[in-house]
Amino acid sequence: MLKVGFVGLGFISDEHVLGYIGNEDAKIVAAADIDKETALARLRKWNLPYDVALYTNLEDMLQQEELDLVEILTPHNLHCPMVLKAAEANVKNISVQKPMGLNLSEANRMIEACRVNGAKLRVYENVLFYPIYSKAKELIDDGLIGELLTIRSCTMVGIRGGIEWPSAWSASSWRGNLETAGSGPLIGDHGYHRFSLVRWFMERDFETVDCWIDSDTRLDAPAFIRAKFRTAPNESPKYAQIDFTFSPQMSIPSNFWLDDFVEIVGDKGIMWINQCDAAGNREMYKNFKMSSSPVFPPIAVFIDGRVDSYLADISLAERNWSTSFVASTRHFIKSIIEGEEPIYSGENAMEIKRYILASYLSAQERCEIRLDEITLEAEENGALQLITNFCNQ
């Protein structure tokens, strides 16, 4: 059984723990967090049927425990140094939350440290394991809507007027600080999933990015990102649009937060994928009625002059975003046991980091950016300097 250590017991750890509860192949034996009281409360909440050794820093945990796997769930500026410490401490499997690091240099250092020390590095990406997206990918791979031409991902952000501003979006939050987050909370953080998703569906990388971000709001939104994919000589051109909207008077679906919708156009038909984060019976969205409405089936497809829906009978529990965390964690554990590569390696995650940097640079410089300009060498030469994350705090 793999011995697992958690680093950082913030709110996202509630999702990560789900893949370990009742898992016969892996067990959380240790956890580290600078806030001991919060960490204790989190462990009590999880109600694990065994004791977990608790530390206030990663160094002590690595020194005292023999770990097979470390889950790093800390602020973005801590990802690189913590991955380096875990790799140098001979931890052979390291999972780190997205995005990978503050810049390409950090991403490269993490990849190299794991390579030198024989560690398997996985950057956590759960959305690709969301059951609705998995089914959509299966339908696409079967040729249901033909050759893909365009894909649009729309993230709808809402905060009902008069309520408290979400802490993750506040001026004091590390998520909104360029130095600690490396980018902004929407395009650079949540957007990681959206870039990852369109790349996965299209099965190719970006060639160019053109981005506009409103600089007069408290978020890096509204924002509209247009991308052209690389194509082979005989292929049709392929494009993506990734939107982040912001509706100050709209509750999605409780007092704050967001949801995602996807439209994919093929040469034979169109597919719509309704919801992701707020779907199902997730507790924080318990008052949201969209998931149970026949107007928003998980997947709708227009083809041959008719409209068909898929997974309309899926349970609200299975439609819950949390199921993607369970599947992602179990996939990584399986890859460790069977000696396979994880679905999101450090190299793949570094590619998504390039998309994020290209988007901010495009908006900052007000021009289209070619992805072949976004390189480690260019960054080291000072050509890829972000001066703002467009959060007008």
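Thresholds, definitions, all that
- Residues numbered from 1 in each chain as written.
- Predicted model: local features only at pLDDT ≥ 70, side-chain atom pairs only at ≥ 80, totals over all residues.
- Heavy atoms only, no water.
- Helix = DSSP H or I, 4+ residues; strand = E, 2+ residues; numbered from the N terminus.
- Rg over C-alpha atoms; globule rule 2.2 N^0.38 Å.
- Buried < 20%, exposed > 50% of the residue type's maximum accessible area, 1.4 Å probe, protein only.
- Contact = heavy atoms within 4.5 Å.
- Areas by Shrake-Rupley, 256 points an atom, 1.4 Å probe, with all protein chains shown as cover.
- Lys, Arg positive; Asp, Glu negative; His and termini not counted.
- Charge placed at Lys NZ, Arg CZ, Asp CG, Glu CD.
- Expected span 1.5 Å × (residues − 1).
- Bend = angle between axes of the 7 residues up to and from the residue.
- Disulfide = S-S within 2.5 Å.

Participant: So what about the overall build of the protein? Which residues, and what values?
Facilitator: Assigned secondary structure in the protein consists of 12 helices and 15 strands. At 21 Å, the protein has a C-alpha radius of gyration in line with the 21 Å of a compact globule built from 393 residues. Projected onto its principal axes, the C-alpha coordinates of the protein cover approximately 60 × 50 × 50 Å. Counting over 393 residues, the protein shows a buried share of 56%. The long-range fraction of contacts in the protein, counting pairs at least 24 apart against all pairs at least 6 apart in sequence, stands at 72%. Approximately 16800 Å² of the protein is accessible, and the part contributed by carbon and sulfur atoms is 49%. Computing the positive centroid from 38 side-chain charges and the negative centroid from 56, the protein places the two 3 Å apart.

Participant: Before we move on, can you summarise helix α8 (residues 185–202) with the specific residues and values?
Facilitator: In this model, α8 (18 residues) spans 25 Å end to end at C-alpha, consistent with the 26 Å of a helix rising 1.5 Å per residue. The largest bend in α8 is about 60 degrees, located at Gly191. Of all the 18 residues making up α8, 17 are buried; the element is thus mostly covered by neighbouring parts of the structure. Glu203, located one to two residues past α8, shows a positive phi value of around 60 degrees.

Participant: Tell me what's going on with the state of the cysteines, and back it up with residues and numbers.
Facilitator: Evaluated as defined, the whole model comprises zero disulfides. Looking at Cys211, it has no disulfide partner, and the nearest cysteine sulfur is the one in Cys367, 11 Å off. Accessibility expressed as a relative area gives 6% for Cys211, which makes it buried.

Participant: Pulling in residues and values, what's your account of helix α10 (residues 322–338)?
Facilitator: For α10, which comprises 17 residues, the first-to-last C-alpha distance of 25 Å matches the rise-based estimate of 24 Å (1.5 Å per residue) to within 8%. Along α10, the positions that sit buried rather than exposed are Ser322, Ser324, Phe325, Val326, Ser328, Thr329, Phe332, Ile333, Ser335 and Ile336. Tucked inside the fold, the buried residues of α10 contact β1 (2–7), α1 (13–16), β2 (26–32), β4 (69–72), β5 (93–96) and β6 (120–123). Phi turns positive one or two residues past the end of α10, at Gly339, with a value near 70 degrees.

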